[in-house]
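Survey of secondary and tertiary structure
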Amino acid sequence: MHVTLKTICPLLIAVLVAAVANGQTQVEPKIALKMLNAQQQQFEQGIVKVADNVFTAVGFHGANTSMIVGTDGVIIVDTLMGPTSAANAFEAFRKYSDKPVKAILYTHSHGDHIGGASAFVGGERPDIYATESFGSAEGVNKAVDPVKMKRNVRQFGRKLSPSESTNRGVAPANTYDSDRGKGHLPPTVTVPRSGLKTTIAGVEIEFHIGPGETDDAMFIWLPKQKVLLAGDNFYSSFPNLYAIRGTAYRDVLSWSESVAKMAELEPHVVVPGHTMPIQGQEAATAALKDYSEAIRSVYDQTVRGINAGKGPDQLAHEVKLPDHLKDKPYLIEFYGSVPHAVRAIYAGLLGWYDGNPTTLNPLAPKLKAQKIADLAGGTEKLTEQMESALAKQDFQWALELADHVKWLDDGDLKLARKVKITALRGLAAREYNAPNRNYYLSYANELESGQLSEIWF
Ligand SMILES: [Zn+2]
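Residues numbered from 1 in each chain as written. Predicted model: local features only at pLDDT ≥ 70, side-chain atom pairs only at ≥ 80, totals over all residues.

Per an unreviewed UniProt entry, the protein chain goes by the name Hydroxyacylglutathione hydrolase and belongs to Novipirellula aureliae.

1. Observations regarding the confidence of the model for the protein chain
Looking at the protein chain, pLDDT values average 93 and 94% of them are 70 or higher. Per-residue pLDDT stays below 50 along residues 1–23; that stretch engages in 27 contacts with residues further than four places along the chain or on separate chains. (pLDDT = per-residue confidence, 0-100. Contact = placed C-beta atoms within 7 Å.)

2. A short note on the pairing of strand E12 (residues 269–272)
A two-sided burial pattern is seen for E12, the buried positions comprising Val269 and Val271 on one face and Val270 and Pro272 on the other. Of the strand pairs in this sheet, strand E11 (residues 227–231) and E12 are connected by 4 bridges, and their pairing is parallel. Along E12, the bridge assignment pairs leucine 228 with valine 270. For the segment spanning E11, helix H6 (residues 252–264) and E12, crossover handedness is right-handed. Two elements, E12 and strand E13 (residues 278–279), share 2 bridges in a ladder whose sense is antiparallel. Among the inter-strand pairings, valine 269 is bridged to a residue of E13, identified as glutamine 279. (Buried ≥ 20, exposed ≤ 12 C-beta atoms within 10 Å, placed from the backbone. Helix = DSSP H or I, 4+ residues; strand = E, 2+ residues; numbered from the N terminus. Pairing = 2+ DSSP bridges. Right-handed = clockwise from strand over helix to strand, strands pointing away.)

3. Notes on the sheet that holds E13
Pairing within the open sheet is mixed, and its 6 strands lie in the order E8-E9-E10-E11-E12-E13. Two strands in the sheet have a free side with no partner beyond their single neighbour: strand E8 (196–200) and E13.

4. A few points about the nonpolar core
Core analysis: the biggest nonpolar cluster contains 97 residues, and Ile75, Leu228, Val270, Leu288, Ile295 and Ala341 have the highest contact counts within it. With 8 residues, the top contributor of residues to this core is helix H7 (residues 281–307). In this structure, leucine 288 is in contact with Phe234, Val259, Met262, Ala263 and Val270, ignoring residues within four places of it in sequence. Counting 24 residues, the second-largest nonpolar core is a separate cluster that includes Ala398, Val419, Ala428 and Ala444. (Core = buried A, V, L, I, M, F, W, Y, C linked by C-beta atoms within 7 Å.)

5. Quick notes on the sheet that holds strand E4 (residues 74–77)
Strand pairs in the sheet, formed through backbone hydrogen bonds, run parallel or antiparallel to each other. Spatially, the 7 strands line up as an open sheet ordered E1-E2-E3-E4-E5-E6-E7, and their pairing is mixed. Among the strands making up the open sheet, the edge pair consists of strand E1 (46–51) and strand E7 (189–191). Between one strand and the next, the sheet's axes are offset by a mean angle of 20 degrees, whatever the strand orientation. When E4 meets strand E5 (residues 101–105), the two strands line up parallel, connected through 4 bridges. When the sheet's bridge partners are listed, isoleucine 76 is paired in E5 with isoleucine 104. Strands E1, strand E2 (54–58) and strand E3 (65–69) of the sheet are contacted by helix H3 (residues 83–93), whose axis makes an angle of about 140 degrees with E2. (Axes fitted to C-alpha atoms, helices over the stretch in contact; angles between N-to-C directions.)

Here it is as structure tokens:
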């Protein structure tokens, strides 16, 4: 099948623009759903022909895989998460070329790009290219894998019911994941720090080191076709400068610089690691320039705020995308979120401490809850305030009060839990940021089913 890029209808654009104008990722539930449904077009399954000899498979799993056809073979860029989805994509590619696979290129080491390589390899032994630091992405915080796994399930909504599922911001929901990593083949050729220019199967190809979402990332440039394969440093959403599943600091400044380098190439097509390719020199180059500028702007605003003495809570509410960028379709916060990026930059540059001596040794949560209850006029009054916040659909405040009530010896824990569940679902309905939405819903379900221990509540 061959799909062309669809444009979002002007009416919907108007809705999107109106919705994001307030700078938050929460809007009316109907609009949030409409926006996420529109974003669905970005990963509708099909093969997109991006040049005479370059094809991208979108929507066969969460990420994209591409095939470059050469004289005596083909080159595969990224291999999806497991061999099942990779085999489906490869079968679709085979309508365009049945030449043997000469090389596989990994743009970076995230599991959704490297787990299906075996499906592309028959009897051949293709060269497999990756950067020198390949695999460094997830290694640093391995010690906390048990919690990362739990949070990963929530961020991607892996256990949500079909009626709760929308998508993952830059990927469809309900991807086939049970063969995760089963087709991974390790790299055999190391791309040096200085990059590499070479010819594979008669195709001129350039590897550029481009740290961003991961330190081990590179982007691929085909100078003849002017096709840029960006990996996960570019996709149609504000970038995930921080992932709520829990990640070490992603070097935001390098990310912006890597995308700026891509823009300098003035590609005729940019093929993202996820979502539809952007075709046409003007559109592709403008998208990359805007993307780089957006990241840089969030970084610069945060740094300026830090140096003015502001803390992360304040900055997370103050930093916004510049007016000329905030409505660009590839910068809407479906996946990454500006406030989360701000907090990540703060912590990445200065660690957890916000510089305010009040926060050097804050009260223990239980003691604080008792004092808040006293302030409210007792536990009963605090509980009333919690319920009243929920009734007014002041969901965030209801959550914060529920978290106090849960610590109180005389608090109605059952009620607080119920309020938290309802408030989480209320917030979820308003979210067009998919990770937030999925996390709220997943957490609500876990609380409701009783599978979360007291610590988590
Ligand atoms: Zn990815």
